[in-house]
Amino acid sequence: MPERATVTNWSKKSAEAIVVARRRAEREGESEGMSLDEARHQKPGLPGRTDQRRGEAKSLPERDEASAARHDREDSGGAHLLAQALTRENLVIAWKRVKANKGSAGVDGLSIIDTIEYLKTYWPRIRADLLSGRYRPQPVRRVQIPKPGGGTRELGIPTVTDRLIQQALLQVLQPRIDPTFSNHSYGFRPGRRAHDAVLAAQRYVQEGYRVVVDVDLEKFFDRVNHDVLMHRLSKRIEDKAVLRLIRRYLQAGVLHNGVAITRDEGTPQGGPLSPLLANVLLDEVDRTLEQRGHRFVRYADDCNVYVRSHKAGERVLRGLRKLYDRLHLKVNEAKSAVTRAFGRKFLGYCLRAGPGGTVKRAIAGPAIVTFKQRVRQLTRRSGGRSLSQVVIDLRRYLLGWKAYFSLAQTPTVLRGLDEWLRHRLRAIQLKHWRRGTTVYRSLRAMGATSDQAARIASGTRSWWRNSAQGLNRLMPIAYFDRLGVPRLS
């Protein structure tokens, strides 16, 4: 009897354990938007696998909608952000952003127009995989672009579908995370821009902090440690589904020469989430600098700390090396420096000493070099285009450049660039006339004297030199205004 009672008690406990396990499995299956039977048969998804079991294609979206609604009801301010990101209203806004940014196709070769047709058929399945945790992002397409100072920068272009998903996540995460960032951070944040960072730097130098600790990180986006980043991110958001999806985007890898290369570190530039993730990682350094009472400006991975003496700057740089080392990041010693703030390039600008101890904003020398290189490409005299066509191509670049450098307090430099630009355009017009008789006849029609027109027409092969011999009076500033050439000054 005692033995039988023991067996009976064990059987009761086993039955209770089975019931508890079954209920736990049901709860876990419901949290993933699937039934208990599905939970039993579910297998780990393979990268890129999005197929479903036969006969369930119609029932899955309905189940996901119910799961999403339940997530919304249970949301307590931090969980179930993925369901919020995948609402129709949020996705419509995200698609408009992706479409407006244009961009090329990813590894799937689908353009924005092609992706529209693709999503009409496959979005319900993709959405179901996202909510159930089965979705696997595709690798990014590697693109090398030249840097203005030499070398190349690697960009990772996600597929349009993955850009849409990342943008939808960004729209939900940014309002929650961005307010937690330091006020000294200006890069890729709503309501902030590079101009604000430049003005803050000018203010610190004007206050007397005229030594700058200019820190450059070596291949920052290629060396972001995934574990360190995810640990910092998990302190700000609680939704494990979002954290899992972001980690998969980090680990999606790069397609190079037809081979998918997995990555244990780095976040590819080119995805909508990359700037937000960079700010999450670097905010720790910002907070430490704030606690130490430093005056600094950070824009993405560019950080300038302003101090009063060179000795203080060296001490700050040693501290920054330790802070970045804690994040598994490396300071680029060749590009970092402790030096005078005047003349040091920051976001295309530099600061100069003005009259009476004032500090003036100016365009940095490398930015002017880059401007002239680009203008030379747009105004090359061998393009076979009319002057009006050249102006159309040139106008967009000039308007953007002028808007960015509108803070410059050096009108003389801008007037010089205006004169140089009009000189190039006059030389293009001379070459288009080409033959001496055509030059003579055209100049006479513009009001040139017979001697003046003959002198310019006699040297038709010296386009640059002849365009400065009185042609500026025949083709004045008003002439280019009528063509639509923006004035920089």
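Residues numbered from 1 in each chain as written. Predicted model: local features only at pLDDT ≥ 70, side-chain atom pairs only at ≥ 80, totals over all residues. Heavy atoms only, no water.

1. Comments concerning the overall build of the protein
So, step 1. Helix and strand counts for the protein stand at 20 helices and 10 strands.
So, step 2. Split into buried and exposed, the 489 residues of the protein put 46% on the buried side.
So, step 3. Expressed as a percentage of contacts within the protein between residues at least 6 apart in sequence, the contacts between residues at least 24 apart total 72%.
So, step 4. Element-wise, carbon and sulfur atoms account for 51% of the exposed surface of the protein, whose accessible area totals about 26000 Å². (Helix = DSSP H or I, 4+ residues; strand = E, 2+ residues; numbered from the N terminus. Buried < 20%, exposed > 50% of the residue type's maximum accessible area, 1.4 Å probe, protein only. Contact = heavy atoms within 4.5 Å. Areas by Shrake-Rupley, 256 points an atom, 1.4 Å probe, with all protein chains shown as cover.)

2. Here we look at the sheet that holds strand β6 (residues 295-299)
So, step 1. Reading across from one edge, β6-β7-β3-β8 is the order of the four strands in this open sheet, with antiparallel pairing throughout. Each end of this open sheet is capped by a strand with a single partner; those strands are β6 and β8 (337-340). The sheet shows a mean angle of 20° between the axes of neighbouring strands, direction not considered.
So, step 2. Both β6 and strand β7 (residues 302-307) contribute to a ladder of five bridges, which runs antiparallel. Its bridge partner lying in β7, R298 is registered against C303.
So, step 3. Across the sheet, helix α11 (residues 274-291) lies against β6 and β7, angled at about 175° from β6, the strand it touches most.
So, step 4. On top of the sheet, helix α12 (residues 310-326) reaches β3 (211-215), β7 and β8; it is set at about 20° to β3, its chief contact. (Pairing = 2+ DSSP bridges. Axes fitted to C-alpha atoms, helices over the stretch in contact; angles between N-to-C directions.)

3. So, the nonpolar core
So, step 1. Of all hydrophobic cores here, the largest spans 67 residues; its most connected members are L320 and Y324.
So, step 2. Counting residues per element, this core draws most heavily on helix α7 (residues 160-177), which supplies nine residues.
So, step 3. When near neighbours in sequence (up to four residues on either side) are disregarded, Y324 contacts V215, L217, L282, V285, C303, L329 and V331.
So, step 4. Counting 50 residues, the second-largest nonpolar core is a separate cluster that includes A194, A341, A367 and L425. (Core = buried A, V, L, I, M, F, W, Y, C linked by side-chain atoms within 4.5 Å.)

4. A closer look at α12
Every α-helical turn comprises 3.6 residues, leaving residues that sit three or four positions apart pointing alike.
So, step 1. The end-to-end C-alpha distance of α12 is 25 Å, a good match for the 24 Å that 17 residues give at a rise of 1.5 Å each.
So, step 2. Those residues of α12 that are buried are in contact with β3, α11, β7 and β8.
So, step 3. Just past α12, the residue H328 takes up positive phi, approximately 65°. (Expected span 1.5 Å × (residues − 1).)

5. As for the side chain of T159
So, step 1. Secondary-structure assignment places T159 in the loop between β2 (152-157) and α7.
So, step 2. Of note is the side chain of T159, whose polar atom sits 3.1 Å from the side chain of D162.
So, step 3. Residue contacts for T159: discarding those within four places in its chain leaves G106, V107, D108 and Q138. (Polar contact = N/O pair within 3.5 Å; in protein donor to acceptor, adjacent residues only side chain to side chain.)

Such coordinate-based values are descriptive only and should not be taken to indicate function.
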